[in-house]
Amino acid sequence: MAKLPNLIDRHVGSRIRMHRMLAGISQERLGESLGVTFQQVQKYENGSNRVSASRLHHIATMLGVPVSFFFDGAPSSEQALAGVNDRPSEYVSDFLLTSEGAQLLRAFSQIKNNRARRRIIDLVEALAESDDQQK
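Residues numbered from 1 in each chain as written. Predicted model: local features only at pLDDT ≥ 70, side-chain atom pairs only at ≥ 80, totals over all residues. Heavy atoms only, no water.

1. A look at the overall build of the protein
The helix and strand tally for the protein stands at 8 helices and 0 strands. Overall, the protein shows an N-to-C arrangement of helices and strands of α-α-α-α-α-α-α-α. The proportion of buried residues among the 135 residues of the protein is 30%. Pairs at least 24 residues apart make up 60% of the contacts formed inside the protein by residues separated by at least 6 positions. For the protein, the computed accessible surface area is about 9,100 Å², with 55% contributed by carbon and sulfur atoms. (Helix = DSSP H or I, 4+ residues; strand = E, 2+ residues; numbered from the N terminus. Buried < 20%, exposed > 50% of the residue type's maximum accessible area, 1.4 Å probe, protein only. Contact = heavy atoms within 4.5 Å. Areas by Shrake-Rupley, 256 points an atom, 1.4 Å probe, with all protein chains shown as cover.)

What follows is the structure, given as structure tokens:
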């Protein structure tokens, strides 16, 4: 029987992936910097392999974030031990891990006009509502 990744390891890995994608760094490039293969980076990102403290420090330095960034919003100890994680923030990070999510976030954050940002949100909400009505 395959062992499921620990929720904290999955959370840390998803934060690595999210910030790597937002920074436009490939798994290959991150792996080269760490002295590992891109497959190893994939295992870190999906939580199947744990990231050592020194490696996490190296990743944080490369991505320009504090090590604590990777633990922000992590599941509680009780949730991690029980293997449950039903926090809404997981849906957000799951979305940001997609290429579309990363592209949308990058592009949206470059829009400085508050009115234009609000209109985009209104448009997306209207499109989502029309999809719900068509089902």
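After that view of the structure, there is still more to cover.
2. Re the pattern of salt bridges
Counted under the stated rule, the structure contains 6 salt bridges. Between Asp-72 and Arg-15 there is a salt bridge whose closest N-O contact spans 3.9 Å. With Asp-72 in the loop between helix 4 (53-63) and helix 5 (77-82) and Arg-15 in helix 1 (residues 7-23), this pair connects stretches of sequence that are 57 residues apart. Look at Asp-72 and you get partly exposed, because its relative accessible area is 41%. Of the charged contacts in the structure, one is a salt bridge between Glu-45 and Arg-17, with a shortest N-O distance of 3.6 Å. One end of the pair, Glu-45, is in helix 3 (residues 38-46); the other, Arg-17, is in helix 1, and 28 residues separate them in sequence. (Salt bridge = Lys/Arg side-chain N within 4 Å of Asp/Glu carboxyl O.)

3. Some remarks on helix 4
Those residues of helix 4 lying buried are Leu-56, Ile-59, Ala-60 and Leu-63. Angular distribution of buried residues about the axis of helix 4 spans 100°; they occupy a single face of the element. Relative to its buried face, helix 4 has exposed residues pointing more than 90 degrees away, namely Ser-54 and Thr-61. If you follow the buried residues of helix 4, they end up packed against helix 1 and helix 2 (27-34). Just downstream of helix 4 lies Gly-64, where phi reads positive at about 75°. (Arc of directions from axis to C-beta.)

4. Quick word on the nonpolar core
Ile-16, Leu-30, Ile-59 and Phe-70 are the most contacted members of the largest nonpolar core, which totals 17 residues. Broken down by secondary-structure element, the contributors of at least two residues to this core are helix 1, helix 2, helix 3 and helix 4. Here the element with the most residues in this core is helix 4; it accounts for 4 residues. Leave out the neighbours within four places in its chain, and Ile-59 touches Ile-16, Leu-30, Leu-34, Val-51 and Phe-70. (Core = buried A, V, L, I, M, F, W, Y, C linked by side-chain atoms within 4.5 Å.)

5. Some details on helix 2
Listed as buried for helix 2 are Gln-27, Leu-30, Gly-31 and Leu-34. Seen along its axis, helix 2 keeps its buried residues to an arc of 100°; they face one direction. In this structure, the buried residues of helix 2 make contact with helix 1, helix 3 and helix 4.

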